[in-house]
Amino acid sequence: MASFKKMAASLSMMVLVFCVSLSMVQSQDVNLCPGETPAPGQCPIACFRPDPVCGANGVTYWCGCPDALCAGVAVVKFGEC
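So, here's what we can say about the structure. Just so you know, these numbers come straight off a predicted model, no measurement behind them.

**Examining the overall build of the protein chain**
Reasoning step 1: Looking only at helices and strands, the protein chain features two helices and three strands.
Reasoning step 2: If you list the helices and strands of the protein chain from N to C, you get α-β-β-α-β.
Reasoning step 3: Taking all 81 residues of the protein chain together, 14% fall into the buried category.
Reasoning step 4: Taking contacts inside the protein chain between residues at least 6 apart in sequence as the whole, the part at least 24 apart equals 42%.
Reasoning step 5: Summed over all atoms, the accessible surface of the protein chain reaches about 6,000 Å², with 66% contributed by carbon and sulfur.

Below, the structure is given as structure tokens:
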């Protein structure tokens, strides 16, 4: 019975590590705000209300998708990081 518990614990840990790794890989491939990165000098962001998005670099962009696109960063989550 003890060996079954050890095996079950090891299997549970492997599944957990796999799920965490998979979510990290998927978050790097997804950009929730598709679009072209504007040319330099064409990024004057006028933000009248906060609309935070979380960039793949772990930074919260308070002016939303346009702000992240101007920084050249993919958005992985709507809301704060």
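**Structural notes on the state of the cysteines**
Reasoning step 1: Summed over the entire model, instances satisfying the criterion amount to three disulfides.
Reasoning step 2: The residue that forms a disulfide with C54 is C81, at a sulfur-sulfur distance of 2.1 Å. Across the disulfide from C54 to C81, rotation about the S-S bond amounts to roughly 110°, and the bridge is consequently right-handed. One end of the pair, C54, is in strand β1 (residues 53-55); the other, C81, is in the segment after β3 (75-78), and 27 residues separate them in sequence.

**Describing the sheet that holds β3**
Pairing between the strands of a sheet is mediated by backbone hydrogen bonds and can be parallel or antiparallel.
Reasoning step 1: Strand order in this open sheet of three strands is β2-β1-β3, and the pairing throughout is antiparallel. Two strands bound the open sheet, and with one partner strand each, they are β2 (60-61) and β3.
Reasoning step 2: Relative to β2, β1 runs antiparallel, the two being bridged by two bridges. Note that in β2 the partner of V53 across the bridge is Y61.

Thresholds, definitions, all that
Residue numbering note: each chain is counted from 1, following its sequence as written. Owing to the predicted nature of the model, reporting of local features is limited to residues with pLDDT of at least 70; listing and counting of side-chain atom pairs is limited to 80 or more, with chain, interface and lining totals taken over all residues. Computation of side-chain values: all heavy atoms of the structure, hydrogens and water removed. For the purposes of this entry, the term helix denotes a DSSP run of H or I that reaches at least four residues, the term strand denotes a run of E that reaches at least two, and both are numbered from the N terminus. Throughout this description, buried means an accessible area under 20% of the type-specific maximum (1.4 Å probe, protein chains only), exposed means over 50%, and partly exposed covers the range between. By the convention used here, residues are in contact when the closest approach between their heavy atoms is within 4.5 Å. To measure how exposed things are, a 1.4 Å probe is used in the Shrake-Rupley method; for residues, cover is taken only from the protein chains shown. Count a disulfide wherever a pair of cysteine sulfur atoms falls within 2.5 Å. Any two strands are treated as partners once DSSP identifies two or more bridges connecting them.

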